[in-house]
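Next come the chains, spelled out residue by residue.
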Amino acid sequence: MLKLNLVKELNEMLSIENAATVRIASRIEDTPIEGLKQILQRHLEVTNVKKRRLHDILSQFGETPTDAKADLLASFVTANIDKLQSKTKSSKVSKKEGEGKEEKQTKDLKHFLPEDYEIVQLRQDFAINHGELRAYESLIENMKKMDIPHKQENASLLEKSMKEEEAMVYWYKTHTPLILDNLWPRVIHSTVRRGQNYLLNHTSTKIPIVIIYADLVGSTKMSMTLPIDNLVSIVRIFDYHISNVVDSLGGYVLKYAGDAVISFFPTHIDNQNKFLSSKAAVESGKLMIKSIQEEVNSFMHKIYKFPELSVKIGIDAGESAIVQFGYDQHSPIDILGYAMNVASKIMSITEANNVSIGENVYRSLDSELQNEFHELTIPNERWKYVNYGTKRPYKIYTLSA
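Bear in mind the structure is a predicted one, so any value in this text is a computation, not a measurement.

Caption draft 1: The arrangement of the overall build of the protein chain in detail. Along its length, the protein chain carries 12 helices and 8 strands. Residues counted as buried form 49% of the 401 residues belonging to the protein chain. Pairs at least 24 residues apart make up 75% of the contacts formed inside the protein chain by residues separated by at least 6 positions.

If you want it as structure tokens, here you go:
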């Protein structure tokens, strides 16, 4: 029984490598990044070597190596944050569910710019390679527990494959930020365009929306002390990660203002939609902090020795005017209103790596989420904003430590 389980696991690993060779070959053909083509070509050669090792081990057991191909996205690529319903939880999905998700994702990607598509592929590449690394670790651990012929020799072969996979994971982790930096000038256009296209349908009207200001802490000092190339890279990567969180939760980027990303979540008059928009905005703020701390700083600070980045976030909600500065469809569109001003001021008094919200947003949250916040005490000379419904000082709430 143990031998049968091991053979099954070896064939499952082989089916992953079979699928990987197909994906890597496709990536070599499709990626617009010449430097990545060379890396992928080497990775394809290594993957074929790993396949031969698995063939050899299976042959020792007198078993026929499989020619099946695993569903890599269903096996290793976790869901990006399902429009708020699942928050940040990720899980493996069944093959049928995975195929449906992959089909939908492919359909959605057809509407992306080539650079957007490449960014999605890069993230998938990393997730797949990371998943393969974990699979090899599990396979080796199980093999070492068994009393089988040539155990040490076969475990050594699998360990070579694992180390080669580990090297590829490290490559993606360290180089993807630099690739994103090169793609950024074109990607940024499509990100802002989404927000502009949404607002185009509401020009010269007032609509209720939730505004988010996300500010890069310490950028003024960095602008005076860092080489300009380093500063540009930091701002671009910061903006990309903040924007990616907003996009993944169904929000829109309005614009990039110096060191800040201004985004919004549309809302409606009925309480349920207003609740969901406020919740989405709060969740995006929390995820922005997590993304900067766990993703950006892990490579920008630890590997490239750039300054450790922090973000502070202010959120408010209210009816706002949609104004287009010009008369043709491509003229820039902006949002004007009390909520825009208050969100900016809330951000300015928020501590690094924290989220603060106005009472309009706070009242729209359920009690469980409200309990994560406490009211912020602000001296009168620092806070002049009032609630126009009550004429009292407008309350601000911040995430509790």
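Next comes the rest of the description.
Caption draft 2: Seen up close, the nonpolar core. Counting 40 residues, the largest nonpolar core has Ile242, Met288, Val311, Ile313, Ile315, Ile357 and Phe373 as the members making the most contacts within it. Of all the secondary structure elements, the ones that give two or more residues to this core are β1 (206–216), α8 (228–248), β3 (260–266), α9 (271–300), β4 (311–324), β6 (354–358), α11 (359–362) and β8 (396–399). Residue contributions to this core peak at 9 residues, all from α9. Other than its neighbours up to four places away in sequence, phenylalanine 373 contacts Val282, Val355, Ile357, Tyr362, Leu365, Tyr397, Thr398, Leu399 and Ser400.

Caption draft 3: Region of the structure containing α8. Here α8 contains 21 residues, and its C-alpha end-to-end distance of 30 Å stays within 8% of the 30 Å for a straight helix at 1.5 Å per residue. Positioned one or two residues after α8, glycine 250 has a phi angle of 90°, which is positive.

Caption draft 4: Just the pattern of salt bridges, in detail. Counted under the stated rule, the structure contains 14 salt bridges. For glutamate 372, the salt bridge is made with lysine 286, and the minimal N-O distance between the two is 2.9 Å. Highlighted residues: glutamate 372 in the loop between α12 (367–370) and β7 (373–375) and lysine 286 in helix α9, separated in sequence by 86 residues. Residue classification places lysine 286 among the partly exposed positions, given a relative accessible area of 24%. The residue arginine 363 makes a salt bridge to glutamate 359 at a minimum N-O spacing of 2.9 Å.

Caption draft 5: Structural detail: the packing of aromatic side chains. Taken as a whole and judged by the stated rule, the model has 8 aromatic pairs. Judged by centre distance (5.3 Å) and plane angle (90°), the rings of tryptophan 171 and tyrosine 172 are edge-to-face. Under the relative-accessibility criterion, tyrosine 172 is labelled buried at 1%. Aromatic side chains tyrosine 252 and phenylalanine 264 sit 5.4 Å apart centroid to centroid with 20° between the ring planes, which places their arrangement in the stacked category. Placement of the pair is tyrosine 252 in strand β2 (residues 252–257) and phenylalanine 264 in strand β3, with a sequence separation of 12 residues.

Caption draft 6: The confidence of the model for the protein chain, seen in detail. Chain-level pLDDT for the protein chain is 84 on average; 84% of the residues reach the 70-or-more range. The model gives residues 79–102 a pLDDT under 50, and that stretch makes 31 contacts with residues more than four places away or in other chains. Note that pLDDT drops below 50 for residues 104–113; the model gives that stretch 11 contacts with residues more than four away or on any other chain.

Caption draft 7: Layout of the side chain of serine 243. Within the secondary structure, serine 243 is located in helix α8. Polar contacts involving the side chain of serine 243 include one to the main-chain carbonyl oxygen of aspartate 239, which spans 2.7 Å. Each residue touching serine 243, except ones within four places of it in the same chain, is listed here: Thr191, Val253, Tyr256 and Val261.

How each quantity is defined
- Residues numbered from 1 in each chain as written.
- Predicted model: local features only at pLDDT ≥ 70, side-chain atom pairs only at ≥ 80, totals over all residues.
- Heavy atoms only, no water.
- Helix = DSSP H or I, 4+ residues; strand = E, 2+ residues; numbered from the N terminus.
- Buried < 20%, exposed > 50% of the residue type's maximum accessible area, 1.4 Å probe, protein only.
- Contact = heavy atoms within 4.5 Å.
- Core = buried A, V, L, I, M, F, W, Y, C linked by side-chain atoms within 4.5 Å.
- Expected span 1.5 Å × (residues − 1).
- Salt bridge = Lys/Arg side-chain N within 4 Å of Asp/Glu carboxyl O.
- Phe/Tyr/Trp six-rings, centres within 6.5 Å; stacked < 30°, edge-to-face > 60°.
- pLDDT = per-residue confidence, 0-100.
- Polar contact = N/O pair within 3.5 Å; in protein donor to acceptor, adjacent residues only side chain to side chain.

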